[in-house]
Every structure is written in structure tokens, then in C-alpha cells.
Amino acid sequence: MTDANAAAAPSRSRNFIKTLEIDTRLLGMVGAFVVVCIVFNVMTDGRFLTPRNIFNLTIQTVSVAIMATGMVFVIVTRHIDLSVGSLLATCSAMMAMTQTSFLPAMGLDFGNPLIAPVAILVGLLTGAVIGGFQGWLVGYLSIPAFIVTLGGLLVWRNVAWYLTNGQTIGPLDETYQLFGGIGGTLGTTGSWILAVIGVVVTCIAVWSARRARIRHEFPVKPVWAEIALMAVGAVLILGFVAVLNAYEVPSRVLDRQFEAAGQSMPEGYSEGYGVPYSVLLLIAVAVVMTVVARKTRLGRYIFATGGNPDAAELSGINTRLLTVKVFAIMGVLCALAGLVASARLSFHSNDIGTLDELRVIAAAVIGGTALAGGVGTIYGAILGALIMQSLQSGMAMVGVDAPFQNIIVGGVLVLAVLVDIIYRRKTGAT
Amino acid sequence: MTDRSDTPLVEMRDISISFGGIKAVDHVSVDLYPGEVVGLLGHNGAGKSTLIKCLSGAYRQDSGDILINGKKVEIANPRDARDHNIETIYQTLALADNLDAASNLFLGRELVTALGFVDDSAMEAETRRIMGRLNPNFRKFAAPVKALSGGQRQSVAIARAVYFQARILIMDEPTAALGPQETQMVAELIQELKKDGLGIFLIDHDVHQVKRLCDRAAVMKNGELVGLVKVDDVTTDDLLGMIIAGKKPQHLAA
Ligand SMILES: Nc1ncnc2c1ncn2[C@@H]1O[C@H](COP(=O)(O)OP(=O)(O)O)[C@@H](O)[C@H]1O
Ligand SMILES: [Mg+2]
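Residues numbered from 1 in each chain as written. Chains lettered and ligands numbered in written order. Predicted model: local features only at pLDDT ≥ 70, side-chain atom pairs only at ≥ 80, totals over all residues. Heavy atoms only, no water.

Student: Let's hear about empty space enclosed by the protein: which residues, and what values?
Tutor: Applying the stated criterion to the full structure yields two cavities of 30 Å³ or more. Volume-wise, the largest cavity comes out at about 150 Å³. Lining the largest cavity are 16 residues, and of these Leu314(A), Arg82(B), Glu87(B), Thr88(B) and Tyr90(B) sit closest to its centre. Taken together, the elements giving at least two residues each to the lining of the largest cavity come down to helix 2 (78–83), strand 6 (86–89) and helix 5 (150–163) of chain B. At four residues, strand 6 of chain B tops the list of elements feeding residues into the lining of the largest cavity. When the residues that make up the lining of the largest cavity are grouped by side-chain class, the tally is 10 nonpolar, three polar and three charged. Considered as a void within the structure, the second largest cavity measures approximately 80 Å³ in volume. Around the second largest cavity sit Gln60(A), Thr61(A), Val64(A), Arg359(A), Ala363(A), Ala385(A), Met388(A), Gln389(A) and Gln392(A), which together line it. Those elements that provide at least two residues to the lining of the second largest cavity are helix 3 (51–76), helix 15 (356–366) and helix 16 (378–398) of chain A. Per element, the largest residue contribution to the lining of the second largest cavity is four residues, and it comes from helix 16 of chain A. (1 Å grid on protein atoms, 1.4 Å probe; cavity = no way out; pocket = protein on both sides within 12 Å on 5 of 7 lines; lining within 4 Å. Points joined across faces, edges and corners; volume = space filled by probe spheres on them. Helix = DSSP H or I, 4+ residues; strand = E, 2+ residues; numbered from the N terminus. Nonpolar A, V, L, I, M, F, W, Y, C, P; charged D, E, K, R; others polar.)

This is the structure we're talking about:
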């Protein structure tokens with residue numbers, strides 16, 4: 001009797017999670033993230049969870065998170081890309097040289113509105129071509145990705161060096177710098193509008209998925225579960241925006257702005273930063289990559305190839321071309337990450353993106369991407385990047401010595417994979 | 001059932017293929033008529049899988065011709081084979097373990113919405129429809145196929161062939177990993193598909209099963225064709241003799 005009762009309680013909570021159809025792995029990652037945040041917040045006497053720190057944490061995460069979404073595809077297809085940090089540097093160098101040297105030589109002066117878009121386009125093209133080339137070496141010439149991108153790690157780092165003669169290139173174009181984070185934000189009103197749009201889209205997405213299932217007469221979750229899902233989404237979106245809006249622009253910065261406009265600042269005037277454009281870019285990347293993964297043939301083939309390359313091939317999928325596409329996507333994302341990283345610094349530096357390959361791979365793996373291939377999620381990789389960045393900046397705030405910071409991050413990576421292996425074994429999941 | 005007056009559905013003429021000096025298939029000719037099941041027998045390594053892989057587009061023969069409905073065709077890849085309505089159920093089940101039944105059934109031929117996105121609910125609906133016919137007990141539509149039993153996986157692979165209206169079906173040891181009940185299910189399915197007029201190549205180890213399910217049997221040894229016989233003309237012992245000794249039985253030898 002007592003046995004039966006003891007068994008009933010956990011099974012009820014498991015049923016609850018099952019009804020909501022929440023990924024337990026996601027729940028675990030969110031749990032880990034919350035624990036990290038709370039521990040650091042206690043250790044820093046509440047300085048960790050201030051709007052200011054959350055804002056900084058967010059913009060520091062963007063560059064690695066953008067690349068991590070692409071690394072998911074690479075690892076899912078059973079490859080690896082060790083060259084992302086170096087590729088970021090080459091793309092950043094190309095974008096910096098385009099705006100400070102190539103375009104001015106063609107008659108486009110500093111400050112011309114065409115400079116930023118052209119430079120960014122050149123960067124994206126560079127990333128796509130180099131990524132695609134590496135993918136071709138892997139897919140068509142059958143050189144292991146580990147070797148191709150290990151070579152790339154050296155090659156592209158030094159191509160970047162060569163392009164810039166090893167010099168720091170800057171200051172970069174003003175419009176370009178808007179993607180850096182604090183230098184370009186939506187402001188409070190814009191951010192609230194964005195939040196409302198986000199909430200509406202979330203609700204529509206949940207509801208239309210339900211409608212599609214009803215149309216085909218599949219079983220659906222109870223209505224309360226759907227509404228709970230929408231509510232959680234809404235609270236997260238609104239809460240996140242509220243925090244970013246709560247981080248106020250320092251009054252001396254506002255003072256200067258009013259002065260520049262020839263006015264004086266009204267008494268008690270204040271303004272919040274709101275959502276940075278770089279975060280907007282990450283959100284856009286996350287949405288596009290998730291749609292590609294779940295709703296396109298390309299995504300279906302990426303996961304099928306990772307699950308069973310022979311089956312994919314026999315089903316008529318061109319797995320070689322697929323490899324080229326996956327690495328080209330990775331290259332484009334390196335360029336976007338290079339845009340955010342150099343814009344944040346306001347210049348291109350020779351060591352930009354150094355060791356990012358490790359952070360990116362770690363983010364993807366901590367986010368639940370299986371190195372054996374076939375399994376991984378975009379949101380998981382972004383959460384993984386956030387967890388890594390929180391650890392790193394939290395330890396810096398607490399005053400952990402630099403060597404120990406890296407030792408702990410390395411240890412956490414290995415531990416995360418171990419936990420994942422145990423989780424998979426327990427649940428029998430792939 | 002078998003209509004012998006027509007041209008054969010498939011004719012493989014004088015097929016040879018070798019891998020680095022090893023003649024995996026050595027001048028083998030077999031044919032297949034609509035509504036007929038032809039069994040392929042032979043030891044491990046006899047060349048059965050290699051022969052049918054030339055038909056399914058996984059390999060390209062070094063020499064020899066393939067004719068479909070009497071017309072010579074080039075089958076360079078699995079896509080070409082599909083265009084000729086040839087479907088294959090591979091020995092090592094060609095399923096992506098991490099995807100669900102519907103994604104596997106439609107792999108490479110996804111249904112898409114007007115905007116070009118994969119239409120998961122439509123594919124699941126079609127999968128439910130066809131599985132309702134082939135394997136009414138099948139329930140695990142949302143789970144990755146890794147979670148399925150051997151028989152359930154096999155029914156997904158068979159559903160793929162049936163759904164896309166194969167006219168030529170190749171089954172490479174479809175019951176090797178199955179229990180007796182599931183084997184029976186596959187056997188019944190073969191009978192049903194045969195009635196629909198499909199031509200089926202069935203590779204199997206079990207001579208009793210071949211005798212029960214097939215109209216004719218081709219026996220291979222060391223890449224060569226030992227003989228192509230009507231199963232009603234031979235006993236299981238005759239078939240075993242052909243497999244082991246590589247000789248046609250006395251009463252049939254020309
Ligand atoms: N891709 C390949 N590369 C090299 N040898 C192969 C390949 N495929 C098959 N073989 C060889 O061809 C012969 C026939 O194999 P197979 O057709 O698989 O036999 P069966 O299906 O009758 O057991 C074997 O000797 C096998 O080792
Ligand atoms: Mg075989």
C-alpha cells in the first residue's frame with residue numbers, strides 16, 4: 001500500500017510535465033541556469049541580477065550564441081567546425097577593411113550611408129564562400145571536418161592578420177557600430193512594441209499548431225495546457241524586455257545628447273536602453289534557424305543525415321551538397337557574429353574571436369547537441385551560450401582568479417556532457 | 001496470377017560488378033514478372049545484396065543491362081530507381097533512427113505546404129492512414145523510430161514502398177530481425193502486394209519460406225547464378241543442394 005502511494009506522487013508530476021509536453025532536458029538546462037544566476041546573485045550581494053548586469057550579459061552572449069546555432073547543424077550532421085573563431089576574424093577583417101579602405105578608395109567617404117550595408121554584405125559573402133569551400137573539402141573530397149577546420153583555424157586567423165597587416169582597424173562606421181550592443185538599442189517604447197508582437201506571435205503559433213492537429217483529428221493537449229504554455233511564453237518575453245528597459249541611460253550621456261541637439265535636459269528626465277539591435281539580430285537568427293531545422297526540407301535532411309547517413313543517401317538525399325550548405329550557413333553566421341563582435345569593440349582587432357571555437361562548441365554541447373549526430377536544438381545552443389557566459393562573468397564579478405575561471409569552465413563542459421550521457425541512458429532517448 | 005505472356009517487368013541481363021578484384025556479381029541474369037515473387041537464395045557473401053543494389057541505384061554495375069518493361073534504363077542513383085517505381089527495403093533498415101515514422105516514410109519526398117515548408121501534420125495523417133491498413137496496432141507516431149520494435153520498423157519501411165505505389169519491390173532479408181508473429185505479418189503482406197500486381201524480389205535465408213512465398217527462386221554462389229527454378233519443380237532439399245554444392249538438381253539440369 002505505502003509502496004503504491006510512494007509511486008503515485010512522482011508519476012503524477014511526471015504526467016503533469018507530459019501533459020504540457022515540455023522537454024525535460026530544456027527544463028534541466030533552465031534549472032541549471034537559474035541555479036547559476038541565484039548563486040552568483042547571493043555571492044555578489046545582488047549585483048548579478050541587476051538590469052545593468054543582465055543587459056551586459058545579454059550583449060556579451062550574442063556573438064557566441066549566433067555561431068552556436070550554426071554549430072548545431074554542423075554537429076548534428078556528425079561534423080565539427082574548429083575554424084569559427086578564425087573565420088569570424090577573417091570576416092571581421094574584410095568588413096573593417098571594406099569600410100575603412102576599399103570603399104573610401106572607390107570614392108565612398110567616411111559616413112556615407114552605403115558603407116555599413118556594403119561592408120556587411122561583403123562580410124556575409126566572405127563567410128558563405130569560405131564556409132562553403134570548407135564544406136566542399138569535407139563533403140566532396142571526404143577530408144574529415146576535424147582536419148579541414150583545424151587547418152582553417154590557422155589559415156583564416158592568419159588571412160585576417162594579412163588583410164589588416166596585423167593592425168587594429170577603426171573606428172568603424174557609425175551605422176555599423178549600432179550592432180554592437182549598448183551603442184544601438186530600440187528604446188523603451190520600441191521594446192514594448194516588440195514585446196507585444198512577440199507575445200501575439202507566440203500565442204498564434206501555439207494556437208495554430210493546435211488547430212492543425214484538430215484538423216487532422218490527432219490528439220491534442222487540454223486547453224488549459226495550451227494557455228499555460230502561452231502564459232509562460234508571455235511572462236518570459238515581457239519580463240526580459242522589462243529588465244532591459246529598466247537599465248537606464250546614465251544622465252551624463254543623456255545630457256550630452258540634449259546638448260548636441262542644442263537643448264537642455266528637462267529636470268528628472270530618464271530613458272531606458274531597451275532591447276539592443278544585436279539581441280534583435282540574435283532573435284532573428286534563432287527564429288530563422290529554428291524554422292529551417294523544423295519546417296524545411298533542408299532541416300529535415302540535416303537531421304536525417306545525422307541520424308543515419310546511409311539511409312539519407314539511399315533516400316535520394318545529396319548528402320555531399322548538404323555538407324556544403326551546412327558549412328556555408330556556419331560561415332554566414334560567423335560573419336554575423338563578427339559584425340556584432342567588432343561593432344561592440346568599435347574596431348577590428350587582430351585577436352578578435354580567439355578561442356571562440358571552444359565557446360561555441362561548448363555552448364552547442366551544453367545545450368544538448370549530441371556529438372554522435374542527429375540530435376540538437378537551436379534554443380538549447382543559445383541557452384548553452386548564456387549559461388557559459390553567466391559562469392564566466394559571474395566568476396569575474398565574484399573575483400575568481402583568471403586561471404581558475406577557465407579551469408572551471410573547462411570542467412563544467414566535461415561535466416555537462418557526462419550529465420547528458422547519463423540522462424540519455426536513463427530516458428533511453430537518442 | 002503471374003502473367004507470362006507479357007514482357008517481364010524487370011530484366012537484369014548479364015550483370016557483373018567487382019570490388020577491388022573480388023567479383024561480387026559475375027554475369028548474372030534474372031527476370032521478374034508482374035504479380036510474381038522471385039526469391040534470391042545463397043550463402044552470406046554470395047552477392048545477393050550487391051545484385052539487387054544495382055537495381056535500386058545504390059551501386060552501378062560494371063557491365064550488363066537493366067530493362068524495365070522491355071526498355072533499357074540507366075539507374076545511376078536511388079532517385080533514378082524511384083522514378084521507375086522501384087522501392088527497396090534494405091537488409092540494414094534504411095531508417096533514420098532519430099526521426100519519427102512519418103518523417104522516415106516521406107524522407108526525400110516530403111509533403112510541403114503552399115509556402116514550401118514541410119507539412120508535418122499532413123504527413124502524419126497519411127502515415128496514420130497507411131499504417132491503419134498495414135499494421136493496425138501501430139501507435140507510436142510521435143516517437144523516433146529508434147523506440148520501435150523490429151517488426152514496427154519493418155512496417156514503416158514497407159509502408160514507404162506501398163505508399164509511393166512501388167511496382168517493383170526489393171526486400172533484402174525483411175524478416176531477419178523479426179519474431180515469428182511479425183514474420184507472419186510480413187508474409188501476409190507479401191501475398192497481398194503480389195495480388196496487387198507488384199513484382200517482388202525477396203532475399204531470404206529460409207528455404208521453407210522461399211518455397212512458401214515465392215514463384216521462382218534464383219540461387220547464387222560466389223557471385224555466380226547457380227540456377228533460376230520454379231519452386232514447384234524443386235524440393236527444399238534441392239534448393240539446399242543448390243546453395244551448398246552450387247549445382248542444379250539432376251532432374252532439372254539441362
Ligand atoms: N561496397 C563493397 N565494397 C567491397 N566489397 C563489397 C562491397 N559490397 C559487397 N562486397 C563484397 O561482395 C560480396 C557479396 O556481398 P553481398 O552482396 O553483401 O552478399 P550477400 O548479400 O549475398 O550476403 C562479398 O564478398 C562482399 O564482401
Ligand atoms: Mg546481403
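Student: Tell me about the interface of chain A and chain B, and please be specific about residues and values.
Tutor: Put simply, an interface is often sized by how much accessible area is lost when its parts join up. Residue-level contacts link 26 residues of chain A with 28 residues of chain B. Interface of chain A and chain B: buried area, both sides summed, is about 2200 Å²; carbon and sulfur atoms make up 58% of it. Seen at the junction of chain A and chain B, the total is four salt bridges. Between Asp120(B) and Lys295(A) there is a salt bridge, with the nearest N and O atoms lying 3.5 Å from each other. Applying the counting rule to chain A against chain B returns 11 residue pairs in polar contact (both at pLDDT 80 or more). (Contact = heavy atoms within 4.5 Å. Buried area = accessible area lost by both parts, 1.4 Å probe. Salt bridge = Lys/Arg side-chain N within 4 Å of Asp/Glu carboxyl O. Polar contact = N/O pair within 3.5 Å; in protein donor to acceptor, adjacent residues only side chain to side chain.)

Student: Summarise the pairing of strand 4 (residues 63–68) of chain B; cite the residues concerned and give the values.
Tutor: All names here are of chain B. Two strands pair when backbone bridges link them, and strand 1 (residues 10–19) and strand 4 are joined in this way by five bridges, in the antiparallel orientation. Bridge pairing in strand 4 links Glu11 to Leu67. Here strand 4 runs beside strand 5 (residues 71–73); their pairing, made up of three bridges, is antiparallel. Looking at the pairing, Ile68 lines up with Lys71 of strand 5. (Pairing = 2+ DSSP bridges.)

Student: A description of the site of ligand 1 should follow, citing residues and the corresponding values.
Tutor: Residues and elements named next belong to chain B. By nearness alone, every residue bordering ligand 1 is listed as Phe19, Ala24, His43, Asn44, Gly45, Ala46, Gly47, Lys48, Ser49, Thr50 and Tyr59. For ligand 1, an oxygen atom lies 2.9 Å from a polar atom in the backbone of Gly47. In the environment of ligand 1, a nitrogen atom lies 3.0 Å from a nitrogen or oxygen atom belonging to the side chain of Tyr59. Across the complex, the protein chains shield 63% of the 560 Å² of accessible surface that ligand 1 would expose by itself. (Near = heavy atom within 4 Å. Areas by Shrake-Rupley, 256 points an atom, 1.4 Å probe, with all protein chains shown as cover.)

Student: Describe the pattern of salt bridges, listing the residues and the values that go with them.
Tutor: Inspection of every chain in the model, using the stated rule, returns 17 salt bridges over all chains. Across the salt bridge formed by Glu124(B) and Arg213(A), the nearest N and O atoms sit 3.9 Å from each other. Of this pair, Glu124(B) sits in helix 4 (residues 120–134) while Arg213(A) sits in helix 8 (residues 187–215), each in a different chain. For Arg213(A), a relative accessible area of 31% corresponds to the partly exposed category. Measuring nitrogen to oxygen at the nearest pair gives 3.4 Å for the salt bridge that ties Arg297(A) to Glu110(B). In this pair, Arg297(A) is assigned in helix 12 (residues 297–307) and Glu110(B) in the loop between helix 3 (101–105) and helix 4, connecting two distinct chains. Residue classification places Arg297(A) among the partly exposed residues on the basis of a relative accessible area of 34%. Judged by relative accessible area, Glu110(B) falls into the buried class, the value being 4%. Each of Arg60(B), Asp65(B), Lys72(B) and Glu74(B) takes part in salt bridges that share partners, so that together they form one network. (Buried < 20%, exposed > 50% of the residue type's maximum accessible area, 1.4 Å probe, protein only.)

Note that every value here comes from positions in space, so none of it alone points to a role or purpose.
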